[in-house]
Amino acid sequence: EADIYQTPRYLVIGTGKKITLECSQTMGHDKMYWYQQDPGMELHLIHYSYGVNSTEKGDLSSESTVSRIRTEHFPLTLESARPSHTSQYLCAAGTGQMRNEQFFGPGTRLTVL
Amino acid sequence: AQSVTQPDIHITVSEGASLELRCNYSYGATPYLFWYVQSPGQGLQLLLKYFSGDTLVQGIKGFEAEFKRSQSSFNLRKPSVHWSDAAEYFCAVGDTFKTIFGAGTRLFVKA
């Protein structure tokens, strides 16, 4: 089972700021994901990666960007935060096997004022 | 279109009573099936999964789920609910490349 870490856990910032949400995992899983979660809604996939130097946009349009320079690290960056970015962001790592079982971090709750 | 439906937005059960959370899906082939639980302020924790074989699967914390292909369902059950089970539960279906999550069912447990 992967250990997934996300920092910060809570972030309140002003409009226009650049922010990076950190995500790291310790088990060497190739697949990593970022989801956006709003209350009462399903999780929406915004970015994913199948390995180092591989990144793809997910089903939900997002103004964020990601990078995957190391297997264990998958940060998400917002160049200019807006109130519409207020949400919970969940990072996950999936096994490299066929079944794609995913393990989730605790999440970052972002509030943009 | 691929989708996951959890018909109940919230459910309230008494402590000690049995529980069933419903999940229906629409998918091109038999997908991999998952149930996750999320406590307030936390990420999702995997409760159980179905890949193939026996259609009744056991998970952690005393939960089980049954895959019914004819009904495209994967309902979660627990015979006796504890107050600590109060949380949000997500059904998910997927394949090697992607996973789709339902909107969740929030479980309230009353004493």
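That block above? That's the structure.
Counting from 1, residues in each chain are numbered in the order their sequence is written. Throughout, the order in which chains and ligands are written sets their labels, letters from A for the former and numbers from 1 for the latter. Confidence filtering applies because this is a predicted model: local features only for residues at pLDDT of at least 70, side-chain atom pairs given and counted only at 80 or more, and all residues used for totals across whole chains, interfaces and linings. For the side-chain quantities, the full set of heavy atoms in the structure was used; hydrogens and water were omitted.

A. Fine view of the environment of Leu19(B). All names here are of chain B. Helical segments are the DSSP runs of H or I of at least four residues, strand segments are the runs of E of at least two, and each set is numbered from the N terminus. Examined against the element boundaries, Leu 19 turns out to sit in strand β3 (residues 19-21). Sequence separation between Leu 19 and Gly 62 is 43 residues; the distance between their C-alpha atoms is 11 Å. Once you skip the residues sitting within four places of it in the chain, Leu 19 turns out to touch Ile 11, Val 13, Phe 63, Leu 76, Arg 77, Lys 78, Val 81 and Leu 107. The contact rule is simple, with two residues in contact once any of their heavy atoms fall within 4.5 Å.

B. Looking closely at the sheet that holds strand β8 (residues 76-78) of chain A. Whether two strands pair comes down to DSSP finding at least two bridges between them. Strand order in this open sheet of four strands is β1-β3-β8-β7 (chain A), and the pairing throughout is antiparallel. The open sheet has two edge strands with one neighbour each: β1 (4-7) and β7 (65-66) of chain A.

C. How the structure looks around the state of the cysteines. Any cysteine sulfur atom paired with another within 2.5 Å is treated as part of a disulfide. Under the definition given, this model contains two disulfides over all chains. At a sulfur-sulfur separation of 1.8 Å, the disulfide partner of Cys23(A) is Cys91(A). With the S-S dihedral at roughly -75°, the linkage between Cys23(A) and Cys91(A) falls on the left-handed side. Here the residue Cys23(A) occupies a position in strand β3 (residues 19-25), and Cys91(A) occupies one in strand β9 (residues 87-94), the gap between them amounting to 68 residues. There is no split in this pair, since Cys23(A) and Cys91(A) are both buried. In this model, Cys23(B) is linked to Cys91(B) through a disulfide, with the two sulfur atoms separated by 1.9 Å. Taking the sign of the torsion about the S-S bond as the criterion, the disulfide between Cys23(B) and Cys91(B), at about -65°, is left-handed. Taken together, the residues span a long stretch of sequence, with Cys23(B) in the loop between β3 and β4 (24-26) and Cys91(B) in strand β10 (residues 87-94) at a distance of 68 residues. Like Cys23(B), the residue Cys91(B) is buried in the burial classification. Relative accessibility under 20% of the residue-type maximum defines a buried residue, over 50% an exposed one, and the middle range a partly exposed one, all with a 1.4 Å probe and only protein chains included.

D. Quick look at the interface of chain B and chain A. At the junction of the two partners, chain B supplies 20 residues and chain A supplies 22 residues. By buried area we mean the combined loss of accessible area, with a 1.4 Å probe, across both parts when two parts are placed together. Taking both partners together, chain B and chain A bury about 1,800 Å²; carbon and sulfur atoms supply 49% of that area. Its largest share of buried area at the contact with chain A, chain B owes to Leu44(B), Thr96(B) and Phe101(B), together 27% of the area lost on that side. By definition here, a salt bridge exists when the distance from a side-chain nitrogen of Lys or Arg to a carboxyl oxygen of Asp or Glu is within 4 Å. Counting every contact that joins chain B to chain A gives one salt bridge. The residue Glu101(A) makes a salt bridge to Lys49(B) at a minimum N-O spacing of 2.7 Å. As used in this structure description, the phrase polar contact means that two N or O atoms lie within 3.5 Å; if the pair is within protein, one of them must be able to donate a hydrogen and the other to accept it, and residues adjacent in sequence are counted only when both atoms belong to side chains. In this assembly, chain B and chain A are joined by six residue pairs in polar contact (both at pLDDT 80 or more). When residues of the side of chain B that touches chain A are traced back to their parent elements, those giving at least two are β5 (32-38), β6 (44-50) and β11 (99-101) of chain B. Among the elements that take part in the side of chain B that touches chain A, β5(B) stands out by supplying four residues, more than any other.

E. Expanded view of unusual backbone geometry. Of note, the bond from Thr7(A) into Pro8(A) is cis; its omega dihedral lies within 30 degrees of zero at -10°. With respect to the helices and strands, the residue Pro8(A) is situated in the loop between β1 and β2 (10-13). Backbone geometry places Ser72(B), a non-glycine residue, at a positive phi of 50°. For Ser72(B), the position within the fold is in the loop between β8 (64-68) and β9 (73-78).

F. Spotlight on the packing of aromatic side chains. Think of it this way: a Phe, Tyr or Trp ring, Trp meaning its six-membered ring, pairs with another when their centres are within 6.5 Å, and the plane angle makes it stacked under 30 degrees, edge-to-face over 60, tilted otherwise. Tallying each qualifying case throughout the model produces 14 aromatic pairs over all chains. Summarising the aromatic geometry, the rings of Phe104(A) and Phe101(B) are spaced 5.9 Å apart at their centres and angled 80° between planes, so their arrangement reads as edge-to-face. Of this pair, Phe104(A) sits in strand β10 (residues 102-104) while Phe101(B) sits in strand β11, on two different chains. The class for Phe104(A) is buried, based on a relative accessible area of 10%. Under the relative-accessibility criterion, Phe101(B) is labelled buried at 3%. Geometrically, the ring pair formed by Phe34(B) and Tyr36(B) is tilted, given 6.1 Å between the ring centres and 35° between the ring planes. Residues Phe34(B) and Tyr36(B) agree in their burial class; the two are buried.

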